[in-house]
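Single-letter residue listing:
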Amino acid sequence: MNELLVFRVGALAVALCALWVFPEWDTYRTRALRTGQRWGVLPPQPEMPHCPPVEQALADADRIRADLRHAPAGTPVARLRGWLEAYDDVLLTVCHSLEYETRLGSLPWGVQRELERERVERMLVHAGLLSGADR
């Protein structure tokens, strides 16, 4: 008789636990993983990249480059400089994603930066990642 009672209570506990946990399974799983990582039982989760996919960055580079090349006469200098800064940022993102060497972010405005930008453009065109049509 005692064994039957223990079995029934155990079955009831399992059923209640299942009804309580299963609807929120993702929440409990996430909490358990975080707790295991915090206690050092599980390895830490790999960091997600903080930059956009390289394909998107390359498309942005092509678009900004075309805007720069085909800017109408009389475009304000501030707008052109903003486009250049955006273009440099996108080129830096691409180089960082592909682990290409560049000094574009560390050079001041001037001839050296323009030469480095040209070098990075040529490197990406040669690799087939940037269109060379607007030359």
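Preceding block: the structure.
Criteria and cut-off values
Residues numbered from 1 in each chain as written. Predicted model: local features only at pLDDT ≥ 70, side-chain atom pairs only at ≥ 80, totals over all residues. Heavy atoms only, no water. Phe/Tyr/Trp six-rings, centres within 6.5 Å; stacked < 30°, edge-to-face > 60°. Buried < 20%, exposed > 50% of the residue type's maximum accessible area, 1.4 Å probe, protein only. Lys NZ or Arg CZ within 6 Å of the ring centre and 35° of its normal. Axes fitted to C-alpha atoms, helices over the stretch in contact; angles between N-to-C directions. Helix = DSSP H or I, 4+ residues; strand = E, 2+ residues; numbered from the N terminus. Parallel < 35°, antiparallel > 145°, perpendicular 65-115°, else oblique. Left-handed = near helix turned anticlockwise from the far one by under 90°. Contact = heavy atoms within 4.5 Å. Nonpolar A, V, L, I, M, F, W, Y, C, P; charged D, E, K, R; others polar. Salt bridge = Lys/Arg side-chain N within 4 Å of Asp/Glu carboxyl O.

What about the packing of aromatic side chains?
Applying the stated rule across the entire model yields 1 aromatic pair. With centroids separated by 6.4 Å and ring planes inclined at 70 degrees, the aromatic side chains of Trp 20 and Tyr 28 adopt a geometry described as edge-to-face. Accessibility expressed as a relative area gives 29% for Tyr 28, which makes it partly exposed. Positioned above the aromatic ring of Tyr 28 is the side chain of Arg 31, whose terminal nitrogen or guanidinium carbon lies 5.7 Å from the ring centre. Above the face of the Trp 109 ring, Arg 81 is positioned so that its terminal group lies 4.3 Å from the ring centre.

Some remarks on the packing of helix α3 (residues 54–69) against helix α4 (residues 77–98)
It is the contact of α3 with α4, at a shortest axis distance of 9 Å, that shows an interaxial angle of 150 degrees. One element, α3, and the other, α4, form an angle in the roughly antiparallel class. Handedness of the α3/α4 crossing: left-handed. In contact with Val 54, Ala 57, Leu 58, Asp 60, Ala 61, Ile 64, Arg 65, Asp 67 and Leu 68 of α3, α4 contributes Leu 80, Trp 83, Leu 84, Ala 86, Tyr 87, Val 90, Thr 93, Val 94, Ser 97 and Leu 98. Along the lines of polarity and charge, the residues of the contact of α3 with α4 split into 14 nonpolar, 2 polar and 3 charged.

Concerning the environment of Phe 22
Relative to the helices and strands, Phe 22 resides in the loop between α1 (2–21) and α2 (25–38). For Phe 22, a relative accessible area of 57% corresponds to the exposed category. It is 51 Å that separates the C-alpha atoms of Phe 22 and Glu 85, two residues lying 63 residues apart in sequence.

Observations concerning the pattern of salt bridges
For side chains of opposite charge, pairing can occur when their charged atoms come near one another. Evaluation of the coordinates by the stated rule reveals 8 salt bridges. Glu 116 is paired through a salt bridge with Arg 119; the nearest N and O atoms lie 2.7 Å apart. With Glu 116 and Arg 119 both in helix α5 (residues 111–126) and 3 residues apart, the pair spans about one turn of that helix. Note on Arg 119: relative accessible area 36%, which makes it partly exposed. With its nearest N and O atoms 3.0 Å apart, the salt bridge here joins Arg 122 to Glu 118. With Arg 122 and Glu 118 both in helix α5 and 4 residues apart, the pair spans about one turn of that helix.

Structural measurements only, silent on function.
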